[in-house]
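Structure assessment
The primary structure of each chain is shown beneath.
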Amino acid sequence: MVCLIDLIPPQRGDFDEQSALVEFAPSYIGRALDDFENHSLGIGFIHSHPEDCQPGPSRSDDDMDSYFAREFEKYSNGRPYVSLILSRKQSGQRSFSGRIFHSGKWLAAEQWMTAGTEELRREYDFRRRPPLSADASTTERLSQLIGRSASQRLANAKVGIVGCSGLGTPVAHVLCRAGVGSFVLVDPGYFKASNLERNHASRSDDLYAAPKSKVELLKRMMHEIRPSTEVITFQTDVLADEVVDELSRCDIVLGCTDSEYARAALGDLATHYLLPVLDLAVQMAAKDESLISQVGEIARYLAGLPCPWCRNRVSAKGIRAELATPNEREKSAQAAREAQAVGMDGAPYWIGSKPLELTVGYMTTAVAALGAGYAQHWLTGCAKMPHNRMQFDFGSPFLGVVEDERASQPDCSCAKYQGYADQGRAYFSVSMPSDT
């Protein structure tokens, strides 16, 4: 048992105000060491995390605790170092996790008790899950395969899906049936007739009804499968601030869009919010009515791994073509025509347009189901994705698997600025375009 006796509040000058992160100045560490040496108690830190975020330790928390646990151990004479991580839900309920470094080992703090004049409130580490719900029988096979606790982790997980059509709907279909408890759906588009062939959430009736947003169709399907599922929808751009705020609360995000700027945005989320991202893609091609390419791709983005720019998955030219306004397109076309009229190359002025991606349902479903499986592996810890990025061709012998394990480019911001969250906006590679 660990009891909180007193705090060592910081004073003016105890933090480096020039740092984008919370960084202690030597004066504060010196005062803490002096205080530590003058009594027989242990010492530690309380980390605060954003509202509605599970208080799992971030990389910066891990780095800080690893350093200070070893540093204070030199002066401890056997006394413990304690690290508590707190956050609060919008309802006011506190959530925490904790760990104690003692005798060279890390121990878990599993219970928090707050004593007051009229109450003794008992709260548990967020990793201690309540009993399985009544939905448990619907995932019985999954529980038998990977264990009851793994199935419970899925029930308590929050998954983001960016893109809710050919790839996004089968991803949601698989994960919802697996018992994932909460989803964030992001897609600005409306359902149209050409989506029916590969959109798992659509029905024939939707072809003749008033236009419906893709996120609402997918929410409808998920509630038909499992009414208890919590679904938050955003019919807007992935770059919107409210979307970034909600996605940052997820345990994992799946990119299910062919948009380059959305892929770049997900790379920013992975780097700056330490958010695991699985990006899915499909590319098909035919010649003379015969398929010549049936390529699927799954890539993992996370702080410390190469971003979409490092992997040549996005380009400034492609993003410019996607985000250009009609007025910008007309101006670029006019500039290209004027350059050509005087004998100059008009290509540098031409924004161009993104070609239509031609994919069909069996490919998007197959890649999405595989991606959903890897997402379950991440959430439960039952297996690992074999490569950080891989491509496979369904028409090639042995599926023509090719892996990509390149390192980050040393001059890329993804290798320099990790975990800055909102304070790292200056280093994001894409931002919401202006309406003007």
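Our subject in this report is the structure included herewith. Every residue gets a number counted from 1 within its own chain, in the order that chain's sequence is written. Since the coordinates come from a predicted model, pLDDT governs what is reported: local features require at least 70, and pairs of side-chain atoms require 80 or more to be given and counted, while whole-chain, interface and lining totals use all residues. Water and hydrogen atoms were dropped before computing side-chain values, which therefore reflect all heavy atoms in the structure.

This part takes up the environment of Leu154. Put simply, DSSP marks the helices as runs of H or I at least four residues long and the strands as runs of E at least two long, and each gets a number from the N terminus on. Mapped onto the fold, Leu154 is located in helix 4 (residues 148-155). Residue burial is assigned from relative accessible area. The probe radius is 1.4 Å, only protein chains are included, and a residue is buried under 20% of its type maximum, exposed over 50%, and partly exposed in between. What makes Leu154 buried here is its relative accessible area of 0%. Between the C-alpha atom of Leu154 and that of Cys176, which follows or precedes it by 22 residues, the distance is 9.6 Å. For this analysis, residues touch if any pair of their heavy atoms sits within 4.5 Å. Leu154 has contacts with Leu142, Ala178, Gly179, Val180, Gly181, Gln376, Leu379 and Thr380, leaving out every residue within four places of it along the chain.

A pairing counts as a salt bridge when a side-chain nitrogen of Lys or Arg comes within 4 Å of a carboxyl oxygen of Asp or Glu. One pass over the structure, following the stated rule, counts 14 salt bridges. For Arg406, the salt bridge is made with Asp404, and the minimal N-O distance between the two is 3.0 Å. Using a relative accessible area of 11% as the deciding quantity, one classes Asp404 as buried. Close ionic contact of Asp422 with Arg425 constitutes a salt bridge, the shortest N to O distance being 3.8 Å. Classification of Asp422 as partly exposed rests on a relative accessible area of 44%. When its relative accessible area of 34% is taken as the criterion, Arg425 is described as partly exposed. One network of salt bridges, in which partners are shared, links Glu297, Arg313, Arg389, Asp404 and Arg406.

Remark: helix 8 (residues 260-272) packs on helix 9 (residues 316-323), axes separated minimally by 8 Å, with the N-to-C direction vectors making an angle of 115°. Every residue of helix 9 that contacts helix 8 at Glu260, Tyr261 and Ala264 is listed here: Gly318, Ile319, Glu322 and Leu323. The classification used treats Ala, Val, Leu, Ile, Met, Phe, Trp, Tyr, Cys and Pro as nonpolar, Asp, Glu, Lys and Arg as charged, and all other residues, Gly among them, as polar. Taken together, the residues that form the contact of helix 8 with helix 9 break down as 4 nonpolar, 1 polar and 2 charged. Between N-to-C directions, angles cover 0 to 180 degrees, with each direction set by a line fitted to C-alpha atoms, over the stretch in contact for helices.

On the surface, Asp6, Asp34, Asp35 and Glu37 cluster together into a patch of negative charge. A residue is classified by how much of its surface remains accessible, and Asp6, at 64% relative accessible area, is exposed. Residues enter a patch when their relative accessible area is above 30% and they make no salt bridge; the linking distance is 9 Å between like charges and 5 Å between nonpolar side chains (Val, Leu, Ile, Met, Phe, Trp, Tyr). Here the open area of atoms and residues is found with the Shrake-Rupley method and a 1.4 Å probe, where only the protein chains shown may cover a residue. Here Asp and Glu are counted as negative and Lys and Arg as positive; His is not counted, and neither are the chain ends. Positions of charges follow a simple convention, taking NZ of Lys, CZ of Arg, CG of Asp or CD of Glu.

Take the sheet that holds strand 2 (residues 81-88) next. Two strands pair if DSSP finds at least two bridges between them. Strand order in the open sheet formed by 4 strands is 1-2-3-4, with mixed pairing between adjacent strands. If you trace the sheet from one side to the other, it starts and ends with strand 1 (43-48) and strand 4 (105-109), each paired once. Across the sheet, the mean angle from the axis of one strand to that of its neighbour is 20°, orientation sign disregarded. Bridge analysis of strand 3 (residues 94-102) against strand 4 gives 5 bridges, and the strand direction is antiparallel. Paired with Arg99 across the strands is Ala108, a residue of strand 4.

Without other data, these values stay purely geometric and don't point to any function.
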